[in-house]
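Here are the chains, one letter per residue:
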Amino acid sequence: SFHMMKTDLLANKTVIVTAGGTQEAIDPVRFIGNRSSGKMGYAIAEQAALAGARTILISAPTNLPVPFGVELVSVESARAMEEAVNSRYEACDAVIMAAAVADFRVENMADTKIKKMDTLELKLVKNPDILKGLGANKTHQKLIGFAAETQNVIEYGKSKVLNKNLDMLVANDVSKQNAGFNVDTNEVTLIYPGGQVRPLPLMTKIDVAKRIISALAEL
Ligand code: CTP
Ligand code: CA
């Protein structure tokens, strides 16, 4: 079908795509998670491979099949994702951080199953910001971030581009219907470090993925 069209836009490039929502363990059988389905990141990985890139998909758990021609690295927590990305960073040309990385993890995971009780307090501590670390250590790579916001999308987006040293940010308003988590469509705005803003119309995640890959090829 048309969405399987092959190009050589990213021939001879290595692209890392992260996807899915990280899982932060509470005990051996429980975790803190989020509503990311991984659909956007998997669609991007598929389009990167179709554009000729060696594509490494570093994914938190999802229910999605691995796209054809994509190398999968499975992780659970933010810290495991950070290690998987950082160890491959030097050898890659671009990182697209579509994963919904948990901002917090449980400070001390219980090593046996927590028993039922009247109340339970969990202390959460801040996770590393994977993308900010990549931005701070950037040499030749292009960095693309994502931001799901419920307000002030452009304003918050612009500050994330500068704060994380990004080459492009894909921002979306998840308070809108048909955009963001667990749907097949998305309405995003591309934000650049010079302050340029490119709003895209509502389209399928496959089409958004194609636009992101052509925007990366332009970079
Ligand atoms: N990100 C990351 N590591 C984190 C948190 C986020 O690499 N610990 C990445 C996401 O994958 C995304 C970008 O940073 O590409 C923006 O994530 P977002 O949650 O929108 O921003 P935060 O910096 O976490 O700020 P906040 O959640 O407070 O808006
Ligand atoms: Ca966050």
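In this text, all values refer to a predicted model and were calculated from it rather than measured experimentally.

Some thoughts on the side chain of glutamine 141
Point 1. Among the secondary structure elements, glutamine 141 is positioned in the loop between α3 (130–136) and β9 (142–149).
Point 2. For glutamine 141, a relative accessible area of 2% gives the class buried.

Quick look at the coordination of the calcium ion (ligand 2)
Point 1. The calcium ion (ligand 2) binds to the protein through Asp103 (OD) and Asp103 (OD), with metal-donor distances spanning 2.4 to 2.6 Å.
Point 2. Within the fold, aspartate 103 resides in the loop between β6 (94–97) and β7 (104–106).

Considerations on the site of ligand 1
Point 1. Taken together, 13 residues are adjacent to ligand 1, and Met97, Pro128, Leu131, Lys160 and Lys164 come closest.
Point 2. One nitrogen or oxygen atom from the main chain of phenylalanine 146 is found 2.9 Å from an oxygen atom belonging to ligand 1.
Point 3. In isolation ligand 1 exposes 570 Å². Once the protein is present, 75% of that is buried.
Point 4. The cavity where ligand 1 resides is the largest pocket.
Point 5. For the shell around ligand 1, the secondary-structure elements that each account for two or more residues are α3 and β9.
Point 6. Of all the elements, β9 adds the most residues to the shell around ligand 1, at three residues.
Point 7. Among the residues forming the shell around ligand 1, the class breakdown is eight nonpolar, one polar and four charged.

Observations concerning the nonpolar core
Point 1. In this structure, Val15, Ile44, Ile96, Met168, Leu190 and Ile212 are the most contacted members of the largest nonpolar core, which totals 32 residues.
Point 2. Elements represented by at least two residues in this core include exactly β1 (14–19), α1 (39–50), β6, β10 (168–173), β12 (188–191) and α5 (205–218).
Point 3. Among the elements that take part in this core, α1 stands out by supplying seven residues, more than any other.
Point 4. Grouped together as the second largest cluster of nonpolar side chains are 25 residues, Ile16, Met97, Leu134 and Ala171 included.

Conventions and cut-offs
Residues numbered from 1 in each chain as written. Chains lettered and ligands numbered in written order. Predicted model: local features only at pLDDT ≥ 70, side-chain atom pairs only at ≥ 80, totals over all residues. Heavy atoms only, no water. Helix = DSSP H or I, 4+ residues; strand = E, 2+ residues; numbered from the N terminus. Buried < 20%, exposed > 50% of the residue type's maximum accessible area, 1.4 Å probe, protein only. Donors = N, O, S within 2.8 Å, 3.2 Å for Na, K, Ca; no water. Near = heavy atom within 4 Å. Polar contact = N/O pair within 3.5 Å; in protein donor to acceptor, adjacent residues only side chain to side chain. Areas by Shrake-Rupley, 256 points an atom, 1.4 Å probe, with all protein chains shown as cover. 1 Å grid on protein atoms, 1.4 Å probe; cavity = no way out; pocket = protein on both sides within 12 Å on 5 of 7 lines; lining within 4 Å. Sits in = over half its atoms within 2 Å of the grid points. Nonpolar A, V, L, I, M, F, W, Y, C, P; charged D, E, K, R; others polar. Core = buried A, V, L, I, M, F, W, Y, C linked by side-chain atoms within 4.5 Å.

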